[in-house]
Amino acid sequence: MSFNATAATMHSAAAQQLYPNLDFSSLNWLEQLWVSWYLWIDNPIIATGLASFLLHEIVYFGRSIPWIIIDAIPFFQKWKLQPNKIPTPQEQWQCTKQVLFSHFTIELPAIWLFHPLAESLGMSTYQVPFPSWQTMLPQIAIFFVFEDMFHYFAHQALHTGVLYKHIHKIHHKYSAPFGLAAEYAHPAEVFILGTGTIAGPLLYCYFTRNLHIFTVYLWITLRLFQAIDAHSGYDFPWSLQHILPFWSGAEHHDFHHMAFTNNFSTSFRWCDRIFGTDDKYREYRKRIAASKAAMKNKSKDEQEAAERELIAEIEAEGIRAEAIAEGSAPKTVKVQ
Ligand SMILES: [Zn+2]
Ligand SMILES: [Zn+2]
């Protein structure tokens with residue numbers, strides 16, 4: 001069986017087993033590709049597991065590449081949230097190796113579980129046609145809200161004592177994050193916070209019995225875009241948070257890495273706002289705006305120096321907060 005299934009190949013034994021009475025020509029090109037994949041692999045367990053793994057790799061690294069290029073082009077530095085901290089190629093490569101290691105040692109061996117788990121909850125996998133947009137969009141919206149709330153509380157728990165010291169500290173290695181660092185984390189953290197991404201669809205499917213894995217793939221793609229962009233370190237005038245004011249974006253999460261406190265949620269700003277964990281962040285934004293206004297007539301160098309001073313102050317506070325979270329004595333503050 002070749003990868004490109006055609007209407008003619010739909011008479012094969014494999015096709016008759018998975019897709020009896022399917023009118024191949026009635027499908028759109030993506031659905032035809034989907035059918036071709038399942039027939040080509042000829043084993044739904046491997047086909048679903050491999051597709052899930054490949055989707056993650058392609059989207060994760062595919063979305064990170066533009067940020068690597070942007071980091072290498074000085075023109076974009078004016079939109080860097082912590083302008084003096086551009087990641088070096090060595091840092092990016094080190095991070096890539098670590099992320100790949102955990103993908104291949106933890107995620108890849110688990111691909112056998114995806115299909116049986118999906119099927120046990122009644123999730124559609126190889127089936128076509130795909131659900132309509134009217135079905136998929138509200139489901140994805142629910143997964144976004146669920147994940148954001150789950151992450152908000154789980155992330156705060158990861159900032160306490162033993163959990164921070166032994167697990168979440170790895171993710172905080174970079175006080176100025178970059179796209180590839182989105183999944184730079186302890187395997188236990190990937191598991192704990194990954195639950196927020198996966199549990200939404202699983203619970204939804206358990207209760208409604210109405211979910212296609214294609215919708216889950218769309219959700220995971222968007223969630224990966226969200227996580228990588230939030231770690232990019234850039235805030236452009238066209239970034240999503242300037243269009244949707246409740247969207248977190250890089251500006252929100254970059255502060256979490258820089259200041260160590262505040263801004264625990266992922267996609268939306270409302271949890272931090274409701275529970276008051278964005279007070280320091282909002283004060284910082286006000287001070288940045290006030291400093292920019294006061295320095296309006298000063299030279300570019302003077303403006304940048306003032307911003308750097310403010311960032312150094314917040315970072316120093318972050319180092320103290322991290323020491324407290326770890327339960328160690330506050331360290332001597334190193335101001336750059
Ligand atoms: Zn954190
Ligand atoms: Zn982060």
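This one's a predicted model, so the numbers in the text were calculated from it and none came from an experiment. (Residues numbered from 1 in each chain as written. Chains lettered and ligands numbered in written order. Predicted model: local features only at pLDDT ≥ 70, side-chain atom pairs only at ≥ 80, totals over all residues.)

A.B. asks: Is there a simple way to think about the overall build of the protein in this case?
C.D. replies: On a plain count of helices and strands, the protein comes out with 13 helices and zero strands. Order of helices (α) and strands (β) in the protein, N terminus to C terminus: α-α-α-α-α-α-α-α-α-α-α-α-α. Looking at the 336 residues of the protein, the share that counts as buried comes to 33%. When contacts within the protein are restricted to residue pairs at least 6 apart in sequence, those whose partners lie at least 24 apart make up 63%. (Helix = DSSP H or I, 4+ residues; strand = E, 2+ residues; numbered from the N terminus. Buried ≥ 20, exposed ≤ 12 C-beta atoms within 10 Å, placed from the backbone. Contact = placed C-beta atoms within 7 Å.)

A.B. asks: So what exactly am I meant to see when it comes to the packing of helix H3 (residues 44-71) against helix H9 (residues 213-230) here?
C.D. replies: Helix packing for two helices is described by the angle between their axes and how far apart those axes are. One can describe the packing of H3 onto H9 by two numbers: an axis separation of 10 Å at closest approach and a directional angle of 25 degrees. By the angle class used here, H3 and H9 are roughly parallel. Regarding H3 and H9, the two cross each other, and that crossing is right-handed. Across from Thr 48, Leu 55, Val 59, Tyr 60, Arg 63 and Ser 64 in H3, the residues of H9 making contact are Ile 213, Tyr 217, Ile 220, Thr 221, Leu 224, Phe 225 and Ile 228. Here the residues of the contact of H3 with H9 sort into nine nonpolar, three polar and one charged. (Axes fitted to C-alpha atoms, helices over the stretch in contact; angles between N-to-C directions. Parallel < 35°, antiparallel > 145°, perpendicular 65-115°, else oblique. Left-handed = near helix turned anticlockwise from the far one by under 90°. Nonpolar A, V, L, I, M, F, W, Y, C, P; charged D, E, K, R; others polar.)

A.B. asks: How should I be thinking about helix H10 (residues 249-259) in this particular structure?
C.D. replies: Structurally, the α-helix is built with 3.6 residues per turn, so residues lying three or four positions apart point the same way. Summarising burial for H10: 11 of the 11 residues are buried, a large majority. Residues of H10 that are buried include every one of Gly 249, Ala 250, Glu 251, His 252, His 253, Asp 254, Phe 255, His 256, His 257, Met 258 and Ala 259, and no others. Once H10 finishes, Phe 260 follows within two positions and takes phi at roughly 70 degrees, a positive value.

A.B. asks: Which parts of the structure should I look at to understand the packing of helix H6 (residues 133-157) against H9?
C.D. replies: Look at H6 against H9: their axes get within 10 Å of each other, and the N-to-C directions meet at 45 degrees. Relative to H9, the element H6 is oriented oblique. With respect to the hand of their crossing, H6 and H9 are arranged in right-handed fashion. Here Met 136, Gln 139, Ile 140, Phe 143 and Glu 147 of H6 lie close against H9, whose contacting residues are Thr 215, Leu 218, Trp 219, Leu 222 and Arg 223.

A.B. asks: I keep staring at the UniProt feature "domain: Fatty acid hydroxylase" (unreviewed entry) in the protein and nothing clicks. Help me out?
C.D. replies: Within the UniProt annotation, "domain: Fatty acid hydroxylase" (unreviewed entry) is assigned to residues 141-277. In the segment residues 141-277, helix accounts for 59% and strand for 0%; the C-alpha atoms at its two ends are 24 Å apart. (UniProt positions renumbered as here; feature names shortened; annotations may be inferred.)

A.B. asks: I tried to follow the environment of Pro 187 on my own but got confused; where do I start?
C.D. replies: With respect to the helices and strands, Pro 187 occurs in helix H8 (residues 187-208). Classification of Pro 187 by C-beta neighbours within 10 Å gives partly exposed; the count is 15. Non-local contacts of Pro 187, meaning those with residues more than four positions away in its chain, are made with Ser 102 and Ile 106.

A.B. asks: I tried to follow helix H5 (residues 111-120) on my own but got confused; where do I start?
C.D. replies: Looking only at H5, the buried set comprises Phe 114, His 115 and Ala 118. Projected down its long axis, H5 carries its buried residues within an arc of 85 degrees, all on one side. Contact partners of the buried residues in H5: H3 and H9. Looking one or two places after H5, you find Gly 122, whose phi comes out positive at around 80 degrees. (Arc of directions from axis to C-beta.)

A.B. asks: What is the right way to read unusual backbone geometry from this model?
C.D. replies: With glycine set apart, most residues show a phi of negative sign, and most peptide bonds adopt trans. Looking along the chain, the bond that leaves Val 128 and enters Pro 129 is cis, with omega of 0 degrees. Its place among the elements puts Pro 129 in the loop between H5 and H6. One non-glycine residue with positive phi stands out, namely Asn 262, at about 65 degrees.

A.B. asks: What exactly am I supposed to notice about the confidence of the model for the protein here?
C.D. replies: As a general rule, the predicted coordinates of low-pLDDT regions are not to be interpreted in detail. Here the protein shows a mean pLDDT of 91. Residues at 70 or above account for 96%. By mean pLDDT, the top-scoring element of the protein is H6 (98), and the lowest-scoring one is helix H13 (residues 300-326) (81). Between residues 330-336, whose pLDDT stays under 50, and residues either more than four places distant or in other chains, the model counts 11 contacts. (pLDDT = per-residue confidence, 0-100.)

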